[in-house]
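Remarks on the overall topology
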Amino acid sequence: MRYLEITVPEGKRRAVLNILEDEGIDYVVSDETSGREYTAVVRFPVPTQAVEPLLDRLKRTGVGDDARVVVIDAETVISEGFATLQEQYSYGGQTGARTSRQVLRTKADELTPPFPIYAAMLLISAVVATAGLLADSPAVVIGAMVIAPLLGPALAANIGIVTGDARLKYTGFRYQIVGVGLVVAASIGLAVLARLAGLEPAGVDIVVATELEERVSPNLFSLAVALGAGIAGILSLTRGFSEAIVGVMIAAALIPPSAAVGITVAWGMSGAATGAAALVIVNLLSVNLAALATLWVAGYRPQGLFEVSPTRRPTYTYAAIFGIGLLVLTVPLASVTLLDFHTTELESATEAEVEDVLTDPRYEEFEIEDIVIELDGNYPVQSVDRVIVTVSSQNAGTEPGLADRLYREISPHTDDPIVVEVQYVVAEERGRTEQGDTANGQETDVQDGPLRVSSGI
C-alpha cells in the first residue's frame, strides 16, 4: 500500500478532486497557504498497483506537470472503502504486488551510488577477486561479489530505456562500462605485482593453477547466470524481494570474469584473455537484455496514445543490439559447449575400448586406473590433444604393443589428431582379505614409477 500526498497547483484543485472521486478514492484536502502558487494539499491511501494508473491519469489531464507528488509506504489501512478499492486494483488475485514505474525509477536511482563511492567499492572488489583467483580461494571470490555495487547500474540503464528517462539510462550504461574497465585495470595491476613478486611462479599455466578455465573458455551454460541475474534483478525491484542477494548474482556474472581478463593479460595469455573478455561482454549483454525484456513484458513503460511510441522504438533498438551481440558472441561459446560434449563422449568411448582391449589374455594382468582427456591449451576454443590411459599391474615394465593397440581403437572416435599415452603403475599388495582388511604384520606396497610409453600420429 502507498500513501500519496499531492501538492496541487492553482487552478488544478477541482481537476484533481474529480479524478479521485471518479476512482472512488477517499481523500483529505487541506488549503495550502504558503503563497508558492499552490492551492491545496491532497492526501490519500491507495493500493500499490493503483499508483501508476492514477499518476498517468493526472498527467494526461495536465495536473502532473506542475503538481508535486510524494509516495510513502503505508503499513495498513482500515476502511471499507479502501478494501473495495484494493479489490478493484487486484490483478490475478494479487493485491499491491506491482511497483509503479515512478517509484521504480526512484529505487533504481537510489541503488546507483555516487561515482566516487561506486569506483572505490569496485576497486576493492577487483583486488579481492584477483587475490581470490590467484590463491584459488572460492570463499574470497564470493566476498568480492558481495561488495560489488553492480545491481543499480544494470537495472537503472534498462529502467531508463523503457520509461524514457534519458538521464537514468546514460548513467546506468556509463557506470557499467566504466565499472568493468576499472575491475580489469585493477586486476592487471595486482596480477603484474603478484607475478613480479614471485607469488605465482613463472613457467606455470596460470589458468590450470588457479582453475580459471571455466572463465577463459566459457560455454553456453555461462549464459544462464547472467540471464537469470537480469530477470531476478528486475523482479527484486518490482516485487519487493531482496536486492542484496540479486546483486551478488549480477556480480558473479561480471566480477570474476573481469578479474580473469586482468590475470591472463598480466601473464601474456592473449587467447585466454580473449575468452574471458568475451564472457564479460556476453554477461553484460545478457544481464541487460534479460532486464529489458522483463521490464517490457511486465508493462513498465509510459502508457497512453502519445507516450508508447517514443519509448517503444528505443526499447526495440536496444533489444536488437543486445540480441545481435549475443548471437555473434555465442558462436565461440557454442564451440566450447560442443567440445565439452565431445570430450565427455571420448572419455566414455575410451573407457569402453580400454576395457575391451584388456580382456585379451595377453593383457589380463592389467587393470584400468584412470583415463584423462587433455586439451591443447589454445584458449578460448581448444581441441583434444592427448588421451592418457593409466593401467596398473603387479609386474614392473611396459607391455609392447599395448599403446599401439589402444591408439588404433581410440583414434577413430575423434577427428582431432591425438596422442594416446599409456602410463604404467606398478602395484604390489599383501595380506588383504576379501573384505579389504589388512592382517597384523602385513603391509601394502604401492610404487608409482616413471614407466610410460606413448603412441600417436
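Residues numbered from 1 in each chain as written. Predicted model: local features only at pLDDT ≥ 70, side-chain atom pairs only at ≥ 80, totals over all residues. Heavy atoms only, no water.

Pairing is antiparallel across the open sheet formed by 4 strands, whose spatial order is 2-3-1-4. Pairing within the sheet leaves two strands with one partner each, and these edge strands are strand 2 (28–31) and strand 4 (68–73). The sheet shows a mean angle of 15° between the axes of neighbouring strands, direction not considered. Of the pairings in the sheet, the one linking strand 1 (residues 2–9) to strand 3 (residues 38–46) comprises 8 bridges and is antiparallel in character. When the bridges of strand 3 are listed, Val8 appears paired with Ala40. (Pairing = 2+ DSSP bridges. Helix = DSSP H or I, 4+ residues; strand = E, 2+ residues; numbered from the N terminus. Axes fitted to C-alpha atoms, helices over the stretch in contact; angles between N-to-C directions.)

If you walk through the whole model with that rule in mind, you get 11 salt bridges. The partner of Asp360 in a salt bridge is Arg362, with the nearest N and O atoms 3.3 Å apart. The partner of Arg405 in a salt bridge is Asp360, with the nearest N and O atoms 3.5 Å apart. In this pair, Arg405 sits in helix 15 (residues 402–410) while Asp360 sits in the loop between helix 14 (308–357) and strand 5 (367–375), placing the two residues 45 residues apart along the sequence. Both residues of the pair, Arg405 and Asp360, belong to the buried class. Beyond isolated ion pairs, a larger network of salt bridges with shared partners links Asp22, Glu23 and Arg57. (Salt bridge = Lys/Arg side-chain N within 4 Å of Asp/Glu carboxyl O. Buried < 20%, exposed > 50% of the residue type's maximum accessible area, 1.4 Å probe, protein only.)

What follows is about the packing of aromatic side chains. In this description, an aromatic ring pair is defined by two values, namely the gap between the centres and the angle between the planes. Under the definition given, this model contains 8 aromatic pairs. Arranged with centres 6.2 Å apart and planes meeting at 45°, the rings of Phe115 and Tyr118 form a pair that is tilted. Here Phe115 and its partner Tyr118 are both found in helix 5 (residues 115–134), 3 residues apart, which amounts to about one turn of the helix. Given a relative accessible area of 30%, Phe115 falls into the partly exposed group. Through pairs of rings, three or more aromatic residues link up here, namely Phe115, Tyr118 and Tyr175. If you follow Arg68 out to its NZ or CZ, it ends over the ring of Tyr38, 5.9 Å from the centre. (Phe/Tyr/Trp six-rings, centres within 6.5 Å; stacked < 30°, edge-to-face > 60°. Lys NZ or Arg CZ within 6 Å of the ring centre and 35° of its normal.)

Our focus in this paragraph is the pairing of strand 2. Summarising the sheet, strand 2 and strand 3 pair through 4 bridges and their orientation is antiparallel. In the strand pairing of strand 3, Val29 is matched with Val42.

In this section: the nonpolar core. Side chains that are nonpolar tend, in soluble globular proteins, to be buried together. Ranked by internal contacts, the top residues of the largest apolar core, which has 69 residues, are Leu150, Ile159, Val207, Ile255, Ile263 and Trp267. The contacts of Ile255, once residues within four sequence positions are left out, are Leu122, Ser125, Ala129, Ala144, Ala148, Leu150 and Val183. Grouped together as the second largest cluster of nonpolar side chains are 21 residues, Leu339, Ala403, Ile418 and Val422 included. (Core = buried A, V, L, I, M, F, W, Y, C linked by side-chain atoms within 4.5 Å. Contact = heavy atoms within 4.5 Å.)

So, about helix 6 (residues 138–147). Three or more residues of helix 6 are buried, namely Val141, Ala144 and Met145. The arc that holds the buried residues of helix 6, viewed along the axis, is 100°, so those residues lie on one side. Exposed residues on helix 6 whose side chains face more than 90 degrees from its buried face are Ala139 and Val146. (Arc of directions from axis to C-beta.)

On the surface, a cluster of negative charge is contributed by Glu347, Glu351, Glu355, Asp356, Glu367, Glu369 and Asp370. Elements with a minimum of two residues in the negative patch: helix 14 and strand 5. No other element matches the 4 residues that helix 14 contributes to the negative patch. Mapped onto the fold, Glu351 is located in helix 14. Residue classification places Glu351 among the partly exposed positions, given a relative accessible area of 39%. (Patch = residues over 30% accessible without salt bridge, like charges linked within 9 Å, V, L, I, M, F, W, Y side chains within 5 Å. Areas by Shrake-Rupley, 256 points an atom, 1.4 Å probe, with all protein chains shown as cover. Lys, Arg positive; Asp, Glu negative; His and termini not counted. Charge placed at Lys NZ, Arg CZ, Asp CG, Glu CD.)

This next bit is on the confidence of the model for the protein chain. Summing up the model confidence of the protein chain, the mean pLDDT is 81 and the portion of residues at 70 or higher is 86%. Of all secondary-structure elements in the protein chain, the lowest mean pLDDT belongs to strand 8 (residues 444–447), at 40, while helix 5 reaches the highest, 93. Note that pLDDT drops below 50 for residues 92–96; the model gives that stretch 8 contacts with residues more than four away or on any other chain. (pLDDT = per-residue confidence, 0-100.)

On the UniProt side, "transmembrane region" (unreviewed entry) is annotated at positions that read residues 115–135, 141–163, 175–196, 216–237, 244–269, 275–298 and 318–339 here. Split by type, residues 115–135 is 95% helix and 0% strand. Its first and last C-alpha atoms lie 30 Å apart. With 87% helix and 0% strand, the stretch residues 141–163 has end C-alpha atoms that lie 35 Å from each other. (UniProt positions renumbered as here; feature names shortened; annotations may be inferred.)

On the secondary structure map, Asn158 appears in helix 7 (residues 151–163). Given a relative accessible area of 0%, Asn158 falls into the buried group. Side-chain polar atoms of Asn158 contact the side chain of Asn288, separated by 3.0 Å. In this structure, Asn158 is in contact with Asn288, Ala291, Leu292, Leu295 and Phe322, ignoring residues within four places of it in sequence. (Polar contact = N/O pair within 3.5 Å; in protein donor to acceptor, adjacent residues only side chain to side chain.)

What follows is about a nonpolar patch on the surface. There is a patch of nonpolar side chains on the surface, built from Tyr3, Val70 and Ile72 and spanning about 220 Å² of accessible area. By secondary structure assignment, the location of Ile72 is in strand 4.

Right, let's get into helix 7. Spanning 13 residues, helix 7 covers 18 Å between terminal C-alpha atoms, matching the ideal 18 Å at 1.5 Å per step. For helix 7, the tally of buried residues reaches 13 of 13 residues, placing the bulk of the element in the interior. Of the residues trailing helix 7, Gly164 is marked for its positive phi of about 75°. (Expected span 1.5 Å × (residues − 1).)

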